[in-house]
Amino acid sequence: MPTKIPRTLQWVGDLPGTLRMIDQTKLPVEFLEIDLTTVEQVWEAIKMLRVRGAPAIGVSAAYGTIVGLQGRAYSTRADFDARLAEVTSYLASSRPTAVNLFWALDRMRAVAAAETQTDPDTMLARLLGEARAIDVEDQAMCRAMGQHGIALMPEQGGVLTHCNAGGLATAGDGTALSVLFAAHAAGRKIHVFADETRPLLQGARLTAWELQQRGVPVTVICDSMAAVAMRDGKVSAVITGADRIASNGDAANKIGTYSIAVLAQAHGIPFYVAAPSSTFDMSLGSGAEIPIEERDREEIANGMGRQTVPDGVDVWNPAFDVTPARLIRAIITERGVIDPVNLATVREMIS
Ligand code: MRU
């Protein structure tokens, strides 16, 4: 294991360069960095959750666009544009829910669309500049969310989180975990309860690993223990990330988040979401319009190398659910805190 906290993903070299990332499917047992040199490898890494978490998927797609464009000879700008369209629509097909993926690809396409007379080599360099900007901006957004969120965290007490919304899910320190890191650094005596997060255990494998690395006290619990932890007074606040937030504040996040929000309300515990402006989809009126990814039955029936469901039995495996805005006490963004959460306040902060 590394002694210093490594970058989740980074561009190595210039042009041509390589997209290097931590293979998160191996954690916490093995720390492995992989170098991706084809757009098919980038697509597979996103699809198989080697890189995951909404902001990190967006940054990967931006660099993945460069991976798909570089190393080819373009006789005309039209050839270059055709390849750009092919690469971006291919990457867009990797996962449907996190809007950061489409947001980043739109940004890349917009840069090219704004300069139709620029030659392919110069355009490629400009696009690498845009991907780097998306990466650096994400790091800054993480820092800002951390600072905005400190005041919402208890001076002392338990904070429950679900899935992984940490550095591994972003180019920086994370969204929900950035708030926890910042609160810990500011002297708040918080103890994190990390839901293990079935079926792929992002909470147990990744969130616990990150918090341990940063010296933040953490206890892993089964997803089904959250109600008891709340009833017993162990949880003062809940904070999660989001994959896509509709204009009315409904927020899609890892499956199980909705249950936690309902439980938090039943116990009078504030439920917070931390997400950058790149996670808002203002084209959607409500969470009912958010596309929810359905994943392979094997993740539930044969997870972690052991069969746990009889052959032939049906399995339902949606990767995300939507928490209605009415259950969300506040949304922490890099621009400030949205409180209360409704169409008007979301518009005011994000539009
Ligand atoms: O399927 P995953 O692991 O990509 O799901 C990730 C989440 O649900 C995160 O909570 C979300 O992307 C926010 S990450 C800052």
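Residues numbered from 1 in each chain as written. Predicted model: local features only at pLDDT ≥ 70, side-chain atom pairs only at ≥ 80, totals over all residues. Heavy atoms only, no water.

All right, on to the domain arrangement of the protein chain then. Splitting the protein chain by domain gives domain 1 (9–142) and domain 2 (144–350). Taken over C-alpha atoms, the centre of domain 1 sits 26 Å from the centre of domain 2. Contact residues are listed per partner, giving 30 residues for domain 1 and 38 residues for domain 2. A buried area of about 2,500 Å², summed over both sides, lies between domain 1 and domain 2, and 56% of it is on carbon and sulfur atoms. Contact with domain 2 buries area across many residues of domain 1, yet Thr-97, Met-141 and Cys-142 alone supply 27% of it, more than any other trio. The tally of links from domain 1 across to domain 2 stands at 1 salt bridge. One salt bridge in this structure joins Arg-95 and Glu-293, with 2.9 Å as the shortest N-O distance. (Domains from an automatic or database assignment. Contact = heavy atoms within 4.5 Å. Buried area = accessible area lost by both parts, 1.4 Å probe. Salt bridge = Lys/Arg side-chain N within 4 Å of Asp/Glu carboxyl O.)

Near the ligand lie 18 residues; those nearest to it are Arg-52, Ala-54, Arg-95, Asn-253 and Lys-254. Note that an oxygen atom of the ligand is positioned 2.8 Å from one of the backbone N or O atoms of Ala-54. In the environment of the ligand, an oxygen atom lies 2.6 Å from a nitrogen or oxygen atom belonging to the side chain of Asn-253. Bound to the protein, the ligand loses 100% of the 420 Å² it would expose on its own. Those elements that place two or more of their residues in the shell around the ligand are helix 2 (54–69) and strand 9 (251–254). Counting the residues that make up the shell around the ligand, at least three belong to each of domain 1 (9–142) and domain 2 (144–350). (Near = heavy atom within 4 Å. Polar contact = N/O pair within 3.5 Å; in protein donor to acceptor, adjacent residues only side chain to side chain. Areas by Shrake-Rupley, 256 points an atom, 1.4 Å probe, with all protein chains shown as cover. Helix = DSSP H or I, 4+ residues; strand = E, 2+ residues; numbered from the N terminus.)

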